[in-house]
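Structural overview
The chain contents come next:
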Amino acid sequence: MQSEDLDVLLGAWIFACKEIIEHHHGIINKYLGDGFLSYWPEATTTREEIVAVISALTEFQQTGGPDFRFVVHFGPVAIGGIASMGEESLMGAEVNLIFRLEKLAGSLGEPCGLSETAHTKLGELVRARWLGEFELRGFEEKRAFFAL
């Protein structure tokens, strides 16, 4: 694919995902080349709202746009950065975990994954299948992983 075509495709994809996320009160924290990291403040977000985001992103995956995957996780993070530069970043072990889980989803060929925490929190609101427990770099214990 030509560079210009890729830029248009990627831009349209990010714009569509951004609309879905922001429509459901999510915040895109960081753009990462061909992806992004988003979050929802727990105090203002319901389980049903996260399920609505999952449904919207899953539907978008099936519309024939570029292939993409996403992983849902719940956990505490710190927000910090260089205020004078206007950059804030999510930090902490939970952020590292979500990146490891996203790579795991890719290696398993799964378009949507749930951490054990997300699976527990969303409970009966989503139909997930257990994929197993996996060792993840930087984490001592194996982590359960689920697919939608």
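**Quick word on the overall build of the protein**
Counting its secondary structure elements, the protein contains four helices and eight strands. Put simply, the protein runs from its N terminus to its C terminus through helices and strands in the order α-β-β-α-β-β-β-α-β-α-β-β. Computed over the C-alpha atoms, the radius of gyration of the protein is 16 Å, within 12% of the 15 Å expected from 2.2 N^0.38 for a compact globule of 148 residues. Projected onto the principal axes, the alpha-carbon positions of the protein cover approximately 45 × 40 × 30 Å. Looking at the 148 residues of the protein, the share that counts as buried comes to 36%. Within the protein, residue pairs in contact and separated by at least 24 positions form 52% of the contacts whose partners lie at least 6 positions apart. Approximately 9,300 Å² of the protein is accessible, and the part contributed by carbon and sulfur atoms is 53%. Across the protein, the mean location of the 12 positive side-chain charges is 6 Å away from that of the 22 negative side-chain charges.

**Notes on the packing of aromatic side chains**
Aromatic rings in a pair are described by how distant their centres are and how their planes are angled relative to each other. Overall, the coordinates contain four aromatic pairs when judged by the stated rule. On the basis of an interplanar angle of 40° and a centroid distance of 5.6 Å, the ring pair of Trp13 and Phe36 is categorised as tilted. In this pair, Trp13 is assigned in helix 1 (residues 3-23) and Phe36 in strand 2 (residues 36-39), connecting sequence segments 23 residues apart. Three or more aromatic residues joined by ring pairs make a cluster, and in this case those are Trp13, Phe36, Phe60, Phe68 and Phe70.

Reading the values: the criteria
- Residues numbered from 1 in each chain as written.
- Predicted model: local features only at pLDDT ≥ 70, side-chain atom pairs only at ≥ 80, totals over all residues.
- Heavy atoms only, no water.
- Helix = DSSP H or I, 4+ residues; strand = E, 2+ residues; numbered from the N terminus.
- Rg over C-alpha atoms; globule rule 2.2 N^0.38 Å.
- Buried < 20%, exposed > 50% of the residue type's maximum accessible area, 1.4 Å probe, protein only.
- Contact = heavy atoms within 4.5 Å.
- Areas by Shrake-Rupley, 256 points an atom, 1.4 Å probe, with all protein chains shown as cover.
- Lys, Arg positive; Asp, Glu negative; His and termini not counted.
- Charge placed at Lys NZ, Arg CZ, Asp CG, Glu CD.
- Phe/Tyr/Trp six-rings, centres within 6.5 Å; stacked < 30°, edge-to-face > 60°.

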